[in-house]
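Analysis of the macromolecular model
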Amino acid sequence: MIYVCVPVHNEARTAGLVLWKVRQVFTAFAREYHILACDDGSTDGTGEILASYGRVLPMTLVTHTERQGYARSLEELLRQALQRTDRPKRDCAITLHADFVHAPETMEEMVKRLESGADLVVGEVERSLGTRSWGERWVRRFAPRLLRVSGVRDSVSGFMALRLIVLRQATQRAGAGGGGGATAPLLTTEGWSANAELLARLTPHARRIETVPTSARYDLQQRPSRLTPWHQLVAAWRGRGVVRAARSATVALALAFLAAPLSLAGQDSAHASLPAAATVAGVPFPVGERLTYGAKYGIFSVGTAVMEVVGIDTLRGIETVHMQFRISGGALWYHLDQTLESWVGRRDFQSRRFRSVQDERDRHRERTYEIFPDSGFYREVGRDTTFATVAQPLDDAAFLYWVRTVPLEIGKRYEFTRYFRPDRNPVIIEVLGRERVNVAGKKWNAIVVRPKIPQGRGIFSERSETRIWLSDDARRLVLAIQSNFSFGQVTLKLKEFSVPEQP
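Heads up: these notes are all about the structure in this document. Treat the numbers as computed from the prediction; the structure is a model and nothing was measured.

Re the pattern of salt bridges
Under the definition given, this model contains 25 salt bridges. Across the pair R413 and E430 runs a salt bridge whose closest N-O atoms are separated by 3.6 Å. Of this pair, R413 sits in strand β16 (residues 413-416) while E430 sits in strand β17 (residues 427-439), placing them 17 residues apart in sequence. A single network of salt bridges, built from pairs that share partners, joins E109, R113, R208 and E210.

In C-alpha cells, the structure reads:
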C-alpha cells in the first residue's frame, strides 16, 4: 500500500486538482494507494472540496478546526499511515504538497526506486517553472546549505517517499530520546526546517537513500506566495541546531552498528522457526568448489550435472556468493537442460537473486527473481509487481547448499519457513537414515534426507520424491541426488569433486 500524505491549508483552488492528479498517476501506474489528507484549519472552503473528493477517491480526511501548522499536520498523517500498515517493510508513504509545487508524476519514479531496494527517496528540485522574487529564489537556494542532511542536496523540498519501517524506527528513536515513549513528537520545527528535520531523523534508519530530479511548478500556484524570504531564512538559521543534532544521531547509530557484531557474537540470529543449531554465520563454501555428477536412468547414462560455487559478486551494494546447479541430458525423444542460479548474501546466507532457465523437450522457460530480504518483498523480472517474502529467504539453488549446513538428527522431520515465496512454505526436510554409498571412486558414510517444497516445481517438488545423500562429515558434500521426472527416475552420482581450501 502507498499512503500519499497531503497536508493542506487554504488551497481551495489547487487541492482537488492535485488529488485528481494523484489518481491519474496511480491509474496509469497500477499500484494500490490511499490518500491521507489533513485540512489544517482552512478558511477558504478547502474542507468542503476535500470532502467532495473523498467521496470518489480512496481517501481519509483529517480536519483541524484550528490551524496547528504544517509540521503537526504532516506528522499526524505519517503516524496514521504507520498505524494502518501491517507490512511496514513493504508499504510506503509519500509526502506531497497541495499547491502543485510538487509534481505528482514524479511519484511513479519514487515508487520504482523503493521497489528496487531504496528505503528513502527524496525529490530534489532541479528547475523551477514560473516567476518568483529575487529574495525567494536566493533563500530557496541558500536554505539547504544551512539545513544539511547527509546524502541529500535539497533537504527542504518536502517531497519524499519512505518505507514505513524507516518511519517506525525513527518514531521509536524519537520517543526514546525524548523520554515520552513512541508518542513524543518527531518534528519540533516548522516549514522548511521541518522538512530537513524529518529527513535528518529518517536517514539514520535508511540503508539506501536515493534522489530523483523534479520540477517546482510555481507557475501552477493559484494564490500569492506565503513565503517571506527574511522570516524563512531566520527560521532556517534557528532550525539548523535541531537538524545538526539529528545528524549527530546518525553518527551515534553508525557506531552502535559497528559495535553490534561484538555484542551479538555467538547468539542465534536465525528465524524463530529454525532450531538454534541451524544458525549459519555467512556462506561457508569456498569459491571454486565444483561437484560433477553423472546422470543415470536405470542402467543408461543420460547426462551430467554440475554443482558449483561460481564466484563473489556485488549485488545492490551487498557482497553475494554466486552458486549454480545445472543438469543436462536426455534420451530418445526427451531432453532436459536446466540451470538454477542463486546469489546469496555472503555474510547472512539470504537470497538476493534467483534465476531458473529450463529447456525441456521443445519448451523454454526462464524466470528471474529479485529478492529484497531486508525490505520484505520480491519481484519477478518482467512483471511490474512486488510480493511479500519471508524473513531470511532462500531459493531452490540456495536450499541445496544451505541444507548442507544444518545439523540433522536421524529420524527427525524439520520444517523451515525460509522459501522466498511464502505460499510454498514450510520447506520440509526428513532425515531418513544413514547409508554407505560408492561414488567418486570410494565408499562414503552418508546421511539420507528427503526435501519437499509444497506446491513447488523442479527437483524439490513434492511429486519428485527427491532424496539427497550427504557425506557424513564436516564438508557435507552432496554425494547423490535421486529424483522423479515425467518419464521416470533419474539418479545423479558424484563422479569427481574439487574443494579449494578456505583462505
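Details of the pairing of strand β4 (residues 92-95)
Each regular strand shows side chains that alternate between the opposite faces of the sheet. By the alternation rule, side chains of β4 split into C92 and I94 and A93 and T95, which are all buried. Bridge analysis of β4 against strand β6 (residues 160-163) gives 4 bridges, and the strand direction is antiparallel. Paired with I94 across the two strands is A161, which belongs to β6.

Notes on the nonpolar core
Judged by nonpolar contacts, the single largest core of 56 residues is most densely connected at Y293, M307, F325, F349, V449, L479 and L492. The leading source of residues in this core is helix α9 (residues 396-402), at 6 residues. Contact partners of M307, with chain neighbours within four places excluded, come to E289, R290, L291, Y293, Q324, F325, L400, Y401, R404 and V478. Within the second largest apolar cluster, 33 residues are counted, among which are L78, V149, L186 and L187.

Re the packing of helix α1 (residues 15-28) against helix α2 (residues 46-54)
Relative orientation of the contacting elements α1 and α2 amounts to 25°, with a least axis distance of 9 Å. In this view, α1 runs roughly parallel relative to α2, as classed from their interaxial angle. Both α1 and α2 take part in a crossing whose hand is right-handed. Of α2, the residues touching α1 (which contributes A15, G16, L17, L19 and W20) are I49, L50 and Y53. Counted by class, the contact of α1 with α2 contains 7 nonpolar, 1 polar and no charged residues.

About the criteria used
- Residues numbered from 1 in each chain as written.
- Predicted model: local features only at pLDDT ≥ 70, side-chain atom pairs only at ≥ 80, totals over all residues.
- Heavy atoms only, no water.
- Salt bridge = Lys/Arg side-chain N within 4 Å of Asp/Glu carboxyl O.
- Helix = DSSP H or I, 4+ residues; strand = E, 2+ residues; numbered from the N terminus.
- Buried < 20%, exposed > 50% of the residue type's maximum accessible area, 1.4 Å probe, protein only.
- Pairing = 2+ DSSP bridges.
- Core = buried A, V, L, I, M, F, W, Y, C linked by side-chain atoms within 4.5 Å.
- Contact = heavy atoms within 4.5 Å.
- Axes fitted to C-alpha atoms, helices over the stretch in contact; angles between N-to-C directions.
- Parallel < 35°, antiparallel > 145°, perpendicular 65-115°, else oblique.
- Left-handed = near helix turned anticlockwise from the far one by under 90°.
- Nonpolar A, V, L, I, M, F, W, Y, C, P; charged D, E, K, R; others polar.

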